[in-house]
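# Results of the structural survey
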Amino acid sequence: MDDEVMIARRRGAMTGGTPPRRSRGRLADEVYDTLLGQLMSLRIEPGSRVTIDVLARELGVSQTPIRDALNRMEAEGLVVRVPHAGYRIPPQITRQRFEDMLELRLLLEPAAARRSAERASSKQVAGLRRMLEEMAELEGGGNGLMAYGAFGLRDAAFHDLVALSAENQVIREALARLHTHVHLFRLLHDTQVTYLAMAEHEEVLAAIAARDPDAAAYAMRQHILRSGERFRRLFDEVKDADGMA
(Lines give C-alpha, C1' and ligand atoms only; values in the text may rest on other atoms or scores of the structure.)
Protein backbone atom coordinates (compact mmCIF):
# COMPACT_ATOMS: atom_id res chain seq x y z
CA MET A 1 0.00 0.00 0.00
CA ASP A 2 1.23 3.50 -0.86
CA ASP A 3 2.71 5.30 2.15
CA GLU A 4 0.46 8.35 1.91
CA VAL A 5 -2.60 6.15 1.44
CA MET A 6 -1.68 4.35 4.68
CA ILE A 7 -1.35 7.68 6.47
CA ALA A 8 -4.70 8.83 5.13
CA ARG A 9 -6.28 5.59 6.36
CA ARG A 10 -4.86 6.13 9.84
CA ARG A 11 -6.15 9.72 9.85
CA GLY A 12 -9.60 8.43 9.05
CA ALA A 13 -9.65 5.67 11.65
CA MET A 14 -12.39 5.70 14.31
CA THR A 15 -14.60 8.19 12.43
CA GLY A 16 -17.47 5.74 12.21
CA GLY A 17 -17.48 5.27 8.45
CA THR A 18 -17.98 1.71 7.20
CA PRO A 19 -17.12 1.34 3.52
CA PRO A 20 -18.85 -1.57 1.76
CA ARG A 21 -17.16 -4.80 0.71
CA ARG A 22 -13.88 -4.25 2.47
CA SER A 23 -11.11 -6.72 1.79
CA ARG A 24 -9.74 -8.88 4.59
CA GLY A 25 -6.50 -6.88 4.63
CA ARG A 26 -8.24 -3.52 4.76
CA LEU A 27 -10.64 -4.68 7.44
CA ALA A 28 -7.75 -5.97 9.55
CA ASP A 29 -6.05 -2.58 9.13
CA GLU A 30 -9.20 -0.81 10.35
CA VAL A 31 -9.46 -3.15 13.34
CA TYR A 32 -5.77 -2.52 14.07
CA ASP A 33 -6.28 1.25 14.05
CA THR A 34 -9.38 0.97 16.21
CA LEU A 35 -7.52 -1.11 18.79
CA LEU A 36 -4.61 1.35 18.77
CA GLY A 37 -7.06 4.14 19.48
CA GLN A 38 -8.58 2.17 22.34
CA LEU A 39 -5.12 1.56 23.81
CA MET A 40 -4.24 5.24 23.65
CA SER A 41 -7.55 6.34 25.13
CA LEU A 42 -7.18 3.77 27.95
CA ARG A 43 -10.50 2.25 26.95
CA ILE A 44 -8.43 -0.95 26.96
CA GLU A 45 -6.43 -0.66 30.15
CA PRO A 46 -2.87 -1.87 30.80
CA GLY A 47 -2.86 -5.37 32.22
CA SER A 48 -6.34 -6.20 30.96
CA ARG A 49 -7.19 -9.34 29.01
CA VAL A 50 -8.69 -9.25 25.53
CA THR A 51 -10.13 -12.14 23.56
CA ILE A 52 -10.87 -12.53 19.89
CA ASP A 53 -14.52 -13.50 20.32
CA VAL A 54 -15.32 -10.56 22.62
CA LEU A 55 -13.63 -8.07 20.29
CA ALA A 56 -15.42 -9.56 17.29
CA ARG A 57 -18.78 -9.01 18.99
CA GLU A 58 -17.89 -5.48 20.12
CA LEU A 59 -16.65 -4.37 16.70
CA GLY A 60 -19.23 -6.28 14.68
CA VAL A 61 -16.75 -8.16 12.49
CA SER A 62 -15.67 -11.77 12.09
CA GLN A 63 -12.85 -13.25 14.12
CA THR A 64 -10.45 -13.34 11.15
CA PRO A 65 -9.60 -9.61 10.96
CA ILE A 66 -9.45 -9.48 14.76
CA ARG A 67 -6.93 -12.31 14.75
CA ASP A 68 -4.90 -10.67 11.96
CA ALA A 69 -4.81 -7.34 13.83
CA LEU A 70 -3.83 -8.95 17.14
CA ASN A 71 -1.09 -11.00 15.47
CA ARG A 72 0.33 -7.79 14.07
CA MET A 73 0.12 -6.08 17.46
CA GLU A 74 1.82 -9.05 19.11
CA ALA A 75 4.71 -8.82 16.65
CA GLU A 76 5.04 -5.14 17.55
CA GLY A 77 4.99 -5.78 21.29
CA LEU A 78 1.65 -4.03 21.85
CA VAL A 79 -0.13 -7.15 23.13
CA VAL A 80 1.10 -10.41 24.65
CA ARG A 81 -0.39 -13.77 23.71
CA VAL A 82 -1.48 -15.87 26.69
CA PRO A 83 -1.80 -19.60 25.87
CA HIS A 84 -5.45 -20.73 25.92
CA ALA A 85 -6.52 -17.36 27.31
CA GLY A 86 -6.37 -14.84 24.47
CA TYR A 87 -4.18 -11.78 24.76
CA ARG A 88 -3.05 -9.46 27.52
CA ILE A 89 -2.26 -5.76 27.32
CA PRO A 90 1.27 -5.18 28.65
CA PRO A 91 1.97 -2.74 31.48
CA GLN A 92 2.73 0.88 30.76
CA ILE A 93 6.32 1.66 29.85
CA THR A 94 8.88 2.10 32.60
CA ARG A 95 10.64 5.37 33.40
CA GLN A 96 13.86 4.04 31.86
CA ARG A 97 12.09 2.98 28.66
CA PHE A 98 10.46 6.40 28.47
CA GLU A 99 13.81 8.19 28.82
CA ASP A 100 15.43 5.91 26.23
CA MET A 101 12.62 6.62 23.75
CA LEU A 102 12.92 10.35 24.38
CA GLU A 103 16.68 10.27 23.76
CA LEU A 104 16.25 8.43 20.46
CA ARG A 105 13.47 10.78 19.32
CA LEU A 106 15.72 13.77 20.00
CA LEU A 107 18.35 12.23 17.73
CA LEU A 108 16.01 11.33 14.87
CA GLU A 109 12.99 13.62 14.71
CA PRO A 110 14.70 17.03 14.51
CA ALA A 111 16.81 15.61 11.67
CA ALA A 112 13.63 14.40 9.95
CA ALA A 113 12.00 17.82 10.34
CA ARG A 114 15.10 19.51 8.90
CA ARG A 115 15.02 17.27 5.83
CA SER A 116 11.26 17.71 5.52
CA ALA A 117 11.71 21.48 5.26
CA GLU A 118 14.12 20.84 2.41
CA ARG A 119 12.29 18.05 0.60
CA ALA A 120 8.57 17.98 1.40
CA SER A 121 6.28 18.34 -1.59
CA SER A 122 3.45 20.85 -1.65
CA LYS A 123 1.04 17.93 -1.40
CA GLN A 124 2.75 16.66 1.75
CA VAL A 125 2.72 20.12 3.35
CA ALA A 126 -0.99 20.33 2.58
CA GLY A 127 -1.43 16.88 4.13
CA LEU A 128 0.26 18.03 7.33
CA ARG A 129 -2.06 21.03 7.42
CA ARG A 130 -5.14 18.82 7.01
CA MET A 131 -3.98 16.64 9.88
CA LEU A 132 -3.65 19.64 12.18
CA GLU A 133 -7.11 20.84 11.19
CA GLU A 134 -8.58 17.43 12.04
CA MET A 135 -6.69 17.35 15.33
CA ALA A 136 -8.03 20.81 16.19
CA GLU A 137 -11.59 19.58 15.61
CA LEU A 138 -11.00 16.61 17.91
CA GLU A 139 -9.25 18.72 20.54
CA GLY A 140 -12.17 21.14 20.70
CA GLY A 141 -14.91 18.57 20.31
CA GLY A 142 -15.01 17.31 23.88
CA ASN A 143 -15.92 13.74 22.92
CA GLY A 144 -14.05 12.04 25.75
CA LEU A 145 -11.86 8.99 25.52
CA MET A 146 -12.59 8.08 21.90
CA ALA A 147 -11.66 11.59 20.74
CA TYR A 148 -8.46 11.37 22.80
CA GLY A 149 -7.54 8.09 21.12
CA ALA A 150 -8.38 9.49 17.68
CA PHE A 151 -6.22 12.54 18.42
CA GLY A 152 -3.36 10.19 19.31
CA LEU A 153 -3.69 8.39 15.98
CA ARG A 154 -3.53 11.66 14.08
CA ASP A 155 -0.63 12.86 16.21
CA ALA A 156 1.27 9.71 15.25
CA ALA A 157 0.30 10.19 11.59
CA PHE A 158 1.57 13.79 11.66
CA HIS A 159 4.99 12.69 12.87
CA ASP A 160 5.00 9.84 10.37
CA LEU A 161 4.30 12.19 7.46
CA VAL A 162 7.11 14.48 8.60
CA ALA A 163 9.42 11.45 8.50
CA LEU A 164 8.03 10.34 5.13
CA SER A 165 8.53 13.77 3.59
CA ALA A 166 12.13 13.77 4.85
CA GLU A 167 12.76 10.95 2.36
CA ASN A 168 14.82 8.91 4.82
CA GLN A 169 13.22 5.50 5.12
CA VAL A 170 15.61 4.31 7.84
CA ILE A 171 14.60 7.16 10.16
CA ARG A 172 10.94 6.55 9.41
CA GLU A 173 11.17 2.82 10.11
CA ALA A 174 13.09 3.39 13.35
CA LEU A 175 10.46 5.84 14.61
CA ALA A 176 7.60 3.54 13.58
CA ARG A 177 9.05 0.65 15.59
CA LEU A 178 9.01 2.77 18.75
CA HIS A 179 5.21 3.19 18.71
CA THR A 180 5.91 6.33 20.72
CA HIS A 181 2.43 7.77 20.66
CA VAL A 182 0.76 4.52 21.67
CA HIS A 183 2.95 4.29 24.76
CA LEU A 184 2.75 7.98 25.67
CA PHE A 185 -1.00 8.34 25.31
CA ARG A 186 -1.47 5.23 27.47
CA LEU A 187 0.22 7.03 30.37
CA LEU A 188 -2.62 9.44 30.99
CA HIS A 189 -5.79 11.03 29.65
CA ASP A 190 -5.22 14.77 29.88
CA THR A 191 -6.76 17.30 27.51
CA GLN A 192 -3.88 19.69 28.25
CA VAL A 193 -1.62 17.27 26.38
CA THR A 194 -3.63 17.71 23.19
CA TYR A 195 -3.98 21.49 23.59
CA LEU A 196 -0.26 22.11 24.08
CA ALA A 197 0.75 19.66 21.36
CA MET A 198 -1.41 21.53 18.84
CA ALA A 199 0.53 24.78 19.24
CA GLU A 200 3.86 22.96 18.98
CA HIS A 201 2.77 21.09 15.84
CA GLU A 202 1.81 24.42 14.30
CA GLU A 203 5.35 25.71 14.89
CA VAL A 204 6.84 22.62 13.24
CA LEU A 205 4.53 22.92 10.23
CA ALA A 206 5.13 26.67 9.85
CA ALA A 207 8.89 26.08 9.62
CA ILE A 208 8.50 23.22 7.14
CA ALA A 209 6.13 25.26 4.97
CA ALA A 210 8.55 28.21 5.09
CA ARG A 211 11.36 25.89 3.91
CA ASP A 212 13.44 26.81 6.94
CA PRO A 213 15.45 23.69 7.94
CA ASP A 214 17.01 25.19 11.07
CA ALA A 215 13.67 26.44 12.38
CA ALA A 216 11.99 23.11 11.62
CA ALA A 217 14.65 21.14 13.49
CA TYR A 218 14.48 23.56 16.43
CA ALA A 219 10.67 23.47 16.59
CA MET A 220 10.63 19.68 16.54
CA ARG A 221 13.29 19.45 19.23
CA GLN A 222 11.37 21.87 21.46
CA HIS A 223 8.16 19.90 20.89
CA ILE A 224 9.79 16.63 21.94
CA LEU A 225 11.42 18.21 25.00
CA ARG A 226 8.16 19.82 26.11
CA SER A 227 6.23 16.63 25.48
CA GLY A 228 8.83 14.77 27.54
CA GLU A 229 8.29 17.13 30.46
CA ARG A 230 4.51 16.74 30.28
CA PHE A 231 4.68 12.97 30.42
CA ARG A 232 7.66 12.76 32.78
CA ARG A 233 5.59 14.24 35.59
CA LEU A 234 3.49 11.07 35.60
CA PHE A 235 6.51 9.06 36.70
CA ASP A 236 7.41 11.72 39.26
CA GLU A 237 3.89 11.65 40.72
CA VAL A 238 4.00 7.86 41.07
CA LYS A 239 7.42 8.07 42.76
CA ASP A 240 6.12 10.73 45.18
CA ALA A 241 3.05 8.62 45.97
CA ASP A 242 5.22 5.56 46.65
CA GLY A 243 7.43 7.63 48.94
CA MET A 244 4.43 8.86 50.94
CA ALA A 245 3.12 5.31 51.24
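A brief structural summary. (Residues numbered from 1 in each chain as written. Predicted model: local features only at pLDDT ≥ 70, side-chain atom pairs only at ≥ 80, totals over all residues. Heavy atoms only, no water.)

Attention now goes to the overall build of the protein chain. Helix and strand counts for the protein chain stand at 11 helices and three strands. Traced from its N-terminal end to its C-terminal end, the protein chain shows the element sequence α-α-β-α-α-β-β-α-α-α-α-α-α-α. Taken over 245 residues, the protein chain has a buried fraction of 48%. In the protein chain, 78% of the contacts between residues at least 6 apart in sequence involve partners at least 24 apart. For the protein chain, the accessible area works out to roughly 12200 Å², and carbon and sulfur atoms hold 51% of it. (Helix = DSSP H or I, 4+ residues; strand = E, 2+ residues; numbered from the N terminus. Buried < 20%, exposed > 50% of the residue type's maximum accessible area, 1.4 Å probe, protein only. Contact = heavy atoms within 4.5 Å. Areas by Shrake-Rupley, 256 points an atom, 1.4 Å probe, with all protein chains shown as cover.)

Our next topic: the sheet that holds strand E3 (residues 86-88). Read from one edge to the other, the open sheet built from three strands follows the order E1-E3-E2, with strand pairing classed as antiparallel. A strand with exactly one partner marks an edge of an open sheet, and here the two such strands are strand E1 (49-50) and strand E2 (80-82). The pairing of E2 with E3 spans three bridges and is classified as antiparallel. Bridging across to E3, Arg81 finds its partner in Tyr87. (Pairing = 2+ DSSP bridges.)

This part takes up the packing of aromatic side chains. Tallied over the entire structure, the rule returns zero aromatic pairs. Lying over the aromatic face of Tyr32, Arg72 brings its terminal NZ or CZ to 3.5 Å of the ring centre. (Phe/Tyr/Trp six-rings, centres within 6.5 Å; stacked < 30°, edge-to-face > 60°. Lys NZ or Arg CZ within 6 Å of the ring centre and 35° of its normal.)

Time to look at the packing of helix H5 (residues 95-119) against helix H8 (residues 169-178). The description of two helices packed together rests on the angle between their axes and the distance between the axes. Contact geometry for H5 and H8: axes closest at 10 Å, N-to-C directions at 145°. Here the hand of the crossing between H5 and H8 comes out left-handed. Residues Met101, Leu104, Arg105, Leu108, Glu109 and Ala112 of H5 form the contact with H8, whose participating residues are Ile171, Ala174, Leu175 and Leu178. Along the lines of polarity and charge, the residues of the contact of H5 with H8 split into eight nonpolar, no polar and two charged. (Axes fitted to C-alpha atoms, helices over the stretch in contact; angles between N-to-C directions. Left-handed = near helix turned anticlockwise from the far one by under 90°. Nonpolar A, V, L, I, M, F, W, Y, C, P; charged D, E, K, R; others polar.)

What follows concerns the nonpolar core. Ranked by internal contacts, the top residues of the largest apolar core, which has 66 residues, are Leu35, Leu36, Leu39, Ile66, Leu70, Met73 and Ile208. With nine residues, helix H7 (residues 144-165) is the single largest residue contributor to this core. Counting only domains with at least three residues in this core, you end up with domain 1 (24-89) and domain 2 (95-238). With near-sequence residues (within four places) excluded, Leu35 lies in contact with Ile44, Leu55, Ala69, Leu70 and Met73. (Core = buried A, V, L, I, M, F, W, Y, C linked by side-chain atoms within 4.5 Å. Domains from an automatic or database assignment.)

Everything listed here is a matter of geometry and, on its own, says nothing about what the molecule does.
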